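Letter by letter, the chains look like this.
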Amino acid sequence: MTGIPAEVGVIGGGRMGAGIAQCFAALGSRVVVAEPVAAEAAAERIAEGVRTAAGKGRLAEDAVVVLGRVRVVTAVAELPATAELVVEAVPEQAALKAEVLAAAERVVTEDTVIASNTSSLSIGELAAVLRRPGRFLGMHFFNPVPASRLVEVVMGAATEERTRDRALGWVRALGKSEVVVADSPGFATSRLGVLLGLEAIRMLEEGVADAESIDRAMELGYRHPMGPLRSTDLVGLDVRLAIAEYLHRTLGERFAPPRLLRDKVARGELGRKTGRGFHDWS
């Protein structure tokens, strides 16, 4: 079918990578997920997501059929050479992302689009490790990937129009909408979302209101589907801190992480994934 990549590679089997894999498998693509550290956990994460979607009536096919299109491997070298798209979804560490992107380019054909799911790092700097940067761009999916309607498509200085057009076609085939942005620290979504989240944390730190009230103010007063502190819990406080530190270095003091955020991360209160962040998820 037009707009559906026959084969997709995903690097990283965490929450984001598993969600991306689930969406493309449900669309009809054969998906290979490279997860060198926790392959079994990645496979179970994908299976759980597919089963959940099936239980909610959100799959056009049986869950067994969709899962039959997914294969989890333990090395980037095992990705299919003929994949039309490879999406990198490893942790937000520039050196790690550069390493796996370069490894992916050594495996795939000249026609493969390579994308990063980074939420803040420079597409231009990541592209510098590639022989053909014109086929590289950012495809920033949002958590949870199956339910989220948005993909932020980030154009590097070297990204070719054909690469952009192919990516947009796949985003729309997934039933999602796109915003196309230029390469800049934090792009559009993280830059705005992190700034709002950091100010909400400062308000909590200063005793302006409790977490529930701050979130409810934005949900009811501004029609945000989720308040900034609950959103931070969902993203992960450690992830938000890493992005804030990067934006602080690149964009200045307005992105300085509050002490409360640093303290919670140091205590292991990382949000929903640990059972506690700014809210109790136990």
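Preceding block: the structure.
Residues numbered from 1 in each chain as written. Predicted model: local features only at pLDDT ≥ 70, side-chain atom pairs only at ≥ 80, totals over all residues. Heavy atoms only, no water.

(A) Expanded view of the pattern of salt bridges. Here the structure, examined in full by the defined rule, presents 21 salt bridges. In this structure, E105 and R135 form a salt bridge, with 3.5 Å as the shortest nitrogen-oxygen distance. On the criterion of sequence distance, the pair formed by E105 in helix 4 (residues 94-107) and R135 in the loop between helix 5 (123-127) and strand 6 (136-141) is long-range, its members being 30 residues apart. The same class applies to E105 and to R135, which are both buried. With its nearest N and O atoms 3.0 Å apart, the salt bridge here joins D111 to R162. In this pair, D111 sits in the loop between helix 4 and strand 5 (113-116) while R162 sits in helix 6 (residues 161-173), placing the two residues 51 residues apart along the sequence. With relative accessibility at 41%, the residue D111 sits in the partly exposed group. (Salt bridge = Lys/Arg side-chain N within 4 Å of Asp/Glu carboxyl O. Helix = DSSP H or I, 4+ residues; strand = E, 2+ residues; numbered from the N terminus. Buried < 20%, exposed > 50% of the residue type's maximum accessible area, 1.4 Å probe, protein only.)

(B) Representation of the packing of helix 10 (residues 237-251) against helix 11 (residues 259-266). Two numbers describe how helix 10 lies on helix 11: the axes approach to 9 Å, and their chain directions differ by 135 degrees. With respect to helix 11, the axis of helix 10 lies oblique. The handedness of the crossing between helix 10 and helix 11 comes out as left-handed. Contact residues: helix 10 offers L237, D238, L241 and E245, while helix 11 offers L261, R262, K264 and V265. Among the residues making up the contact of helix 10 with helix 11, the classes are represented as four nonpolar, no polar and four charged. (Axes fitted to C-alpha atoms, helices over the stretch in contact; angles between N-to-C directions. Parallel < 35°, antiparallel > 145°, perpendicular 65-115°, else oblique. Left-handed = near helix turned anticlockwise from the far one by under 90°. Contact = heavy atoms within 4.5 Å. Nonpolar A, V, L, I, M, F, W, Y, C, P; charged D, E, K, R; others polar.)

(C) Fine view of the nonpolar core. In terms of nonpolar packing, the biggest core is built from 34 residues, with I20, F24, V31, L85, M139 and F141 touching the most fellow members. The element that contributes the greatest number of residues to this core is helix 1 (residues 15-27), accounting for seven residues. Excluding its chain neighbours within four sequence positions, the residues that come into contact with I20 are V10, V87, A89, N117, F141 and V145. (Core = buried A, V, L, I, M, F, W, Y, C linked by side-chain atoms within 4.5 Å.)

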